[in-house]
Amino acid sequence: MSISAVAHRLNCTALSFLVFLHLLPAFATTAMAAITVAGVEDKEVYSNRVVFTVQSEAGFEYTAQLNGASVAVGTRVEVSEPGYYELDVRRRDVSSGAEESALIQFIVRATDRGNSEWGLPPWTPYPTIDSAAGEFADAAIRIVAPAEYPLGLDIPVIARIENSGGGRLGVNGNLSVSGFEAYPLRVLRGVGSVFLPGVTTPETIAYAARIQSLAVEKTIAIESSTSWQTIAGDIAASTDWGDNVRVRITGALTVASDATLSLGSGSVVMVDPGVRIAVEGSIVVRGTVDRPVVFTCQDRNIPWGGFTFEKSTSQGKFAGTIFTGSGADTDWFDNNPGHGSSHRHEEPLLYVSNGARVTLTDCWIVDNHGQAGHGENGYLTMTRCLVQKCITAGQYNRGAVTLTDCSLIEFPSETAPFADDDNDGLYLTGGAHSLTDCLIGWALDDGVDAGSGSGGSVDVRRCWFESMCHEAMAWSEPRIATVADTVALNCGQGIECGFGSPDVNAVHCLSTANLVGARFGDNYDWDYDGFLKVRDSLLLFNYRDIWGRAWDDWTIHLDQMDVRDNYVSSIDADFPDNRIWNPQADPNQANELTPFLPTPAGTVGIGLATLADTLDIAAVAKGIPIRLSTFTTREVSVDYTMDSGGQELASG
C-alpha cells in the first residue's frame, strides 16, 4: 500500500516534490509495549522514503493511523513524501478487552534538498503573477541609465515603479521596449534591471518603456570615441576627477588614509580584471538618478575585484552609482586570511571592517559575480538602493547595517534551480541592524538569516518578504528580533525562532501562503532555548499556520511560545487563543488586510501558478494551482476553460 499525501492538510498540488527511491534497511523493528512495527523507528529521520509494517497478532483487533489517516495492518506501507509523521497504533485484546497503544514519530527528508528541511515538504516558490492594469493607476516609471556611455560596454538599465508619493509600488510585470524585445526588464514588486548589449557604432538610443498604462522614454547617447584616463597605484593627496570623466583602473588602487578621492555625475569607471580598490581614507561619488556614475568592467564575464574599507579612517559616500561586474575571486576569504568569517567565500563588492563607514543613497548593485558586501565590525547605511542578482547581499558580523526603502532581490536569480548553498538575502550577526520599508525576495535560501554568530539585535519594520525557498526571517542564537507591520509571502517559513536562544517578537504582521506562518524550531537536532511571541497578526492559509515542534526532543515547545490574538485559517488545539479568519461571515475582517496591500487596486492579476508550460493529465487530476498578483480585500472571479487535444474538459 502506498501513502502519498496523508501528511498534508492542503491539496498536494500546493507543493512540488521530487522523490528518489533509495532502499532502506528492511530489518529495523520498533517494539513499543507489545505492539510491533517493522521498518521504522521512533524519532528517526529517513531519506526519501520509508516502508513499514504494523505487525498483527492473533487475538487482537488493530487500528493504525498515519497523521490521522487510516493505514493497513499486516501490509507494507510506503511513505515517500517528505514531512513529519506520527504513526499511532492501537490494539485491543479480544478476550480481555485490554487496550494498548504506541506512537512512533519519524521524518522523511528529501535528499535533493540537502539537510535543509526536517519535518517539512520541500518548498519551491510559486511563480510570480503579473499585475493587472488597475494596479498601476496613478503610478509612474522611473528609468535609470547612463546619459552618455562608451562604445562596446554593456549598458545597465534600472526600472522602479513609483506611486504618486514617490514610493515603490509593489507591482509585477515586464517592461515592453520596442527594439529590445530580446532583453526584457522584469519588474518584481516594483523594481528590476537589465543590461542592453554594447553598441559598436555611435548613436542615440531611445529606450521607450511601457508597462500596462505607463510609459516613459530614456535616451542614451553612445559616444563616437572615448578618451580614458589610466589610473593605478596610490592616491596620496585629495583628488577630484570631476564630472563626466572616463577612468580606467589598470592595477591595484589605494586611497591613502588622509586623502579623499571624489568623482562626479555621469562618470564611467572601467576596472580591469581582478583589480581591487582599497580605501584607507575617503571616496565620495556624486552621481544622480538622472546622471549616474557607473563602476564596471570591459567584459562583465571577466570581473574586477571590489572595494575594501579596512581602517577606522575608511569612509565611502556613494550617491547615484551603478556597480556591476565585481567579484573576481571565487575563494576570496580563503585567499585573504584574517578577513573574518562568511558563509559564502566569493569576493564582496564592498568589504567594510574595523569601524569603517560606507553610505549608499540611490545606488544600484546589479549583476555581480560575488557577494554585494561583507562586514566585520563595519557600518553600512543604504537608502533607496537596489541589490539584484548577486550571490547574496552579504554577511555582516557586528557593526551595523541600516537599510531604508531598499530592494534586495534575486539571489542568484528568480529562475535559478534550488541549491542548498547559503544564497541568503542578508546574513546578520552581532551588532544592531535595522531594515525599514524594504523588499527582500527571490532567494534560494533565507530572506534575512540572523543565525550562527555573536548576539545582537535586528529590527524589521514595514518590510515585504517574498519567494524564499527557506525562511523569510530566520532568527537564531542570542538574538533580539523585532518584526512589525511586515509581510511574508510564498516562502518556506515566514517567521522562524530557531536554534540557540533568540527572543523574537512579531506584532501586526501578515504571514500567508507559506509552508509555515510562524515557527518555533528549526531543521536540526540542536538546542532550542529561545522564545517566540506573535500578536495581532494574520497567519493565514499556510501549510501550517503555527508550528512549535523542535527536534531537540521532538515535542511542541508550548512554554516557549506566546502566539495569541491572531487570525488563523483554522484553530489549532495547541494554540487556541486565536481567531478564525472568515471575512465572508464578518466582512469587517477584510479591513485587517488593507495596511498590507502592495497596491490599492480593485482588480488584480491572476494566472496559472505552474513552472512548466504544459501539465501532465495526471497532475491536472489533482488540481491546478492558481495565484493572484497579490492578495486583495475584493472577491476575485475569472472565466476559465480547460481543453486537451481540442476537446473541452471543463469550464466555468
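All values reported here derive from a predicted model rather than from experimental measurement.

Draft legend 1. Fine view of the sheet that holds strand S6 (residues 60-66). Across the sheet, which stays open at both edges, the five strands sit in the order S4-S10-S9-S6-S7 with mixed pairing between neighbours. Two strands in the sheet have a free side with no partner beyond their single neighbour: strand S4 (44-47) and strand S7 (69-70). In this sheet, S7 lies alongside S6 in antiparallel orientation, the contact comprising two bridges. When the bridges of S7 are listed, glutamine 65 appears paired with serine 70.

Draft legend 2. Expanded view of the sheet that holds strand S11 (residues 140-144). An order of S11-S13-S16 is seen for the three strands of this open sheet, with the pairing classed as antiparallel. In this open sheet, the two strands that pair with only one neighbour each are S11 and strand S16 (191-196). For this sheet the average axis-to-axis angle between neighbouring strands, irrespective of direction, equals 20°.

Draft legend 3. Layout of the state of the cysteines. Taken as a whole and judged by the stated rule, the model has zero disulfides. Looking at cysteine 297, it has no disulfide partner, and the nearest cysteine sulfur is the one in cysteine 390, 13 Å off. For the unlinked cysteine cysteine 390, the closest cysteine sulfur is that of cysteine 385, found at 12 Å.

Draft legend 4. Highlighting the environment of glycine 646. Mapped onto the elements of the fold, glycine 646 is located in the loop between strand S62 (641-644) and strand S63 (647-651). We classify glycine 646 as exposed; its relative accessible area is 76%. Considering only alpha carbons, one finds glycine 646 and alanine 38, 608 residues apart in sequence, at a separation of 50 Å.

Draft legend 5. Molecular detail of the nonpolar core. Of all hydrophobic cores here, the largest spans 86 residues; its most connected members are Phe307, Leu360 and Trp475. Looking at this core element by element, the count peaks at four residues for strand S21 (residues 246-255). Residue contacts for leucine 360: discarding those within four places in its chain leaves Phe318, Phe323, Leu350, Ile365, Leu380, Thr381, Met382, Thr383 and Cys385. Core analysis: the next-biggest nonpolar cluster, separate from the first, contains 55 residues, Leu185, Leu386, Trp442 and Leu538 among them.

Procedures and definitions
- Residues numbered from 1 in each chain as written.
- Predicted model: local features only at pLDDT ≥ 70, side-chain atom pairs only at ≥ 80, totals over all residues.
- Heavy atoms only, no water.
- Pairing = 2+ DSSP bridges.
- Helix = DSSP H or I, 4+ residues; strand = E, 2+ residues; numbered from the N terminus.
- Axes fitted to C-alpha atoms, helices over the stretch in contact; angles between N-to-C directions.
- Disulfide = S-S within 2.5 Å.
- Buried < 20%, exposed > 50% of the residue type's maximum accessible area, 1.4 Å probe, protein only.
- Core = buried A, V, L, I, M, F, W, Y, C linked by side-chain atoms within 4.5 Å.
- Contact = heavy atoms within 4.5 Å.

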